[in-house]
Amino acid sequence: MKKRILSSLIAVAMLASTAIITAYAERTPLFIGDVTQDHHVNMDDVVTLQRYIAEITEISKRGLVAADVNNDGDINMEDVTLLQQKIAEIIHTFGRDDILGTYVEATSITASVLSGKAIAGESVKFTVEEARGYAPLTFEFFVNDVMVREREEARSFEYKFDKAGDYKITAKVYNGFDETREESLYFKVVESLDSDKPLVKSLDFDNAVIFEKRYDEGEVIRIYTSDENIKITANALMGTEPYEYMFLLDGKKLTDDYSATNSVSISTDRPSPTICILTVKIKDKNGIESSEDFKLYFTERPIA
């Protein structure tokens, strides 16, 4: 699935208003049998489980997953028996993964139009990229800290900005235990675009990428290294259609000349870290040309 990514390597004023905050959650393991969620499996868990079955006490969502030790979807005395046997070392496993990775994280929020080129009155689609965690994941969205979409499973939403200005787009990502993390994108909307030249509206990538601001490198597009190629598609606005495109990487042509093809493939098999400059040139129907640079930051994917 294509990943759409922002670029703010445009006017300095736009750079100042564009940033993404990327949040990663510490992964907290869940131990099967740890009904009380105190990170130990012992007789306290047996007692709590028995009291829950007798409807004397309640158990948290995490505790309920830990209590279903045989993973049959029911919590009953069979789970109590297995838990007692495990504590007594009669059995050494519950016959399933005894430790579950339970977490929630997301790499960033991306938009269908790059910051500083979104026009008031037009809809922009925002998407939480690479959200992962204990299922099911659900998402809430806020604009300037005001909720604009209630919690649901769709990780994208569209929003129409009534007026120009600087906005903070925030997504709250929930995992199946209602644990949450937030990611925010600072996004600029303009009243209009006054340009005779064609401009890059957005870049689409067919692999997971992250737009971020690095203090040592400025605005970059992070791409994880692999043995695969990645397809990059440019989308234009302003000027006069139809458009023609040319792509360069570190000043070397990736395409022979201008053509109607608005995409190019590049290798991600590069040393980590590596910085490359992608140049997108656009020529419109009237022969008016423009050029914009995007900084690609190739790096290894973090170990899960």
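Bear in mind that the values here come from a model prediction, so they are computed numbers and not experimental data.

Analysis parameters
- Residues numbered from 1 in each chain as written.
- Predicted model: local features only at pLDDT ≥ 70, side-chain atom pairs only at ≥ 80, totals over all residues.
- Heavy atoms only, no water.
- Helix = DSSP H or I, 4+ residues; strand = E, 2+ residues; numbered from the N terminus.
- Buried < 20%, exposed > 50% of the residue type's maximum accessible area, 1.4 Å probe, protein only.
- Contact = heavy atoms within 4.5 Å.
- Areas by Shrake-Rupley, 256 points an atom, 1.4 Å probe, with all protein chains shown as cover.
- Patch = residues over 30% accessible without salt bridge, like charges linked within 9 Å, V, L, I, M, F, W, Y side chains within 5 Å.
- Salt bridge = Lys/Arg side-chain N within 4 Å of Asp/Glu carboxyl O.
- Lys, Arg positive; Asp, Glu negative; His and termini not counted.
- Charge placed at Lys NZ, Arg CZ, Asp CG, Glu CD.
- Polar contact = N/O pair within 3.5 Å; in protein donor to acceptor, adjacent residues only side chain to side chain.
- Pairing = 2+ DSSP bridges.
- Axes fitted to C-alpha atoms, helices over the stretch in contact; angles between N-to-C directions.
- Core = buried A, V, L, I, M, F, W, Y, C linked by side-chain atoms within 4.5 Å.
- Arc of directions from axis to C-beta.

Student: I would appreciate a short explanation of the overall build of the chain in the present structure.
Tutor: When helices and strands are tallied, the chain shows four helices and 23 strands. For the chain, the residues scored as buried account for 46% of the 304 residues in total. Once local pairs closer than 6 in sequence are excluded, the contacts in the chain between residues at least 24 apart make up 67%. Here the chain has roughly 15,100 Å² of accessible surface; of this, 47% comes from carbon and sulfur atoms.

Student: I'm lost on a negative patch on the surface in this one. Help?
Tutor: On the surface, Asp206, Asp227, Glu228 and Asp269 cluster together to form a negatively charged patch. As for its placement among the helices and strands, Asp269 is situated in the loop between strand E21 (263-267) and strand E22 (274-283).

Student: Just checking my understanding: could you explain helix H2 (residues 43-53) for this structure?
Tutor: The periodicity of an α-helix, 3.6 residues per turn, causes residues three or four positions apart to be oriented the same way. Turning to H2, its buried residues number three or more, namely Asp45, Val46, Thr48 and Leu49. Packing partners of the buried residues in H2 comprise helix H3 (61-67) and helix H4 (77-87). Sitting at the head of H2, Asn42 places a side-chain oxygen 3.1 Å from the backbone nitrogen of Asp44. At the exit of H2 stands Glu55, carrying a positive phi of roughly 60°.

Student: How do you make sense of the sheet that holds strand E6 (residues 108-111) when you look at a structure like this?
Tutor: In sheet architecture, strand pairing relies on hydrogen bonds along the backbone and comes in two forms, parallel and antiparallel. If you walk across this open sheet you meet the three strands as E6-E8-E12, and the pairing is antiparallel. Edge strands, defined here as strands with exactly one partner in the open sheet, are E6 and strand E12 (156-160). The sheet shows a mean angle of 25° between the axes of neighbouring strands, direction not considered.

Student: Explanation requested: the side chain of Thr170 in the structure shown.
Tutor: Structurally, the position occupied by Thr170 is in strand E13 (residues 165-174). By relative accessible area, which is 4% here, Thr170 ends up buried. Reaching out from Thr170, the side chain makes a polar contact with the side chain of Ser184 at a distance of 3.0 Å. Those residues within four positions of Thr170 in sequence are excluded, and the remaining contacts are Ile109, Glu140, Phe141, Phe142, Glu182, Glu183 and Ser184.

Student: Any chance you could explain the nonpolar core here in plain terms?
Tutor: It is characteristic of soluble globular proteins that their nonpolar side chains tend to be buried jointly. Of all hydrophobic cores here, the largest spans 24 residues; its most connected members are Phe126, Val128, Phe161, Ile169 and Phe187. Per-element tally for this core: the top contributor is E13, with four residues. If we ignore the near neighbours within four places in the chain, the residues touching Val128 are Ala106, Ser108, Phe139, Phe141, Arg155, Ala171, Val173 and Glu183. In terms of nonpolar packing, the next biggest core, distinct from the first, is built from 22 residues, Ile223, Phe247, Cys276 and Phe298 among them.

Student: Would you mind going over unusual backbone geometry with me for this structure?
Tutor: With the exception of glycine, the majority of residues adopt a negative phi angle, and the majority of peptide bonds are in the trans configuration. Of the consecutive residues Glu241 and Pro242, the connecting peptide bond is found in the cis state with omega at 0°. Residue placement: Pro242 occurs in the loop between strand E18 (229-237) and strand E19 (244-249). The backbone of Glu89 shows a phi angle near 60°, a positive value even though the residue is not glycine. Examined against the element boundaries, Glu89 turns out to sit in the loop between H4 and strand E4 (99-102). The residue Asp178 is not glycine, and still its phi comes out positive at about 70°. If you trace the backbone, Asp178 turns up in the loop between E13 and strand E14 (180-190).

Student: Looking at this structure, I do not really get the pattern of salt bridges. What am I missing?
Tutor: In the structure shown here, the tally under the stated rule is ten salt bridges. Among the salt bridges present, the one from Arg151 reaches Asp178, with a minimum N-O distance of 2.5 Å. On the criterion of sequence distance, the pair formed by Arg151 in strand E11 (residues 146-152) and Asp178 in the loop between E13 and E14 is long-range, its members being 27 residues apart. Judged by relative accessible area, Arg151 falls into the partly exposed class, the value being 36%. For Asp178, a relative accessible area of 34% puts it in the partly exposed group.

Student: I'm lost on H4 in this one. Help?
Tutor: If you check which residues of H4 are buried, you get Asp79, Val80 and Leu83. Take H4 and look down its axis: the buried residues cluster within an arc of 100°, on one side only. In this structure, the buried side of H4 is in contact with H2 and H3. Looking at where H4 begins, the residue whose side-chain oxygen comes 3.0 Å from the main-chain nitrogen of Glu78 is Asn76. Of the residues trailing H4, Glu89 is marked for its positive phi of about 60°.

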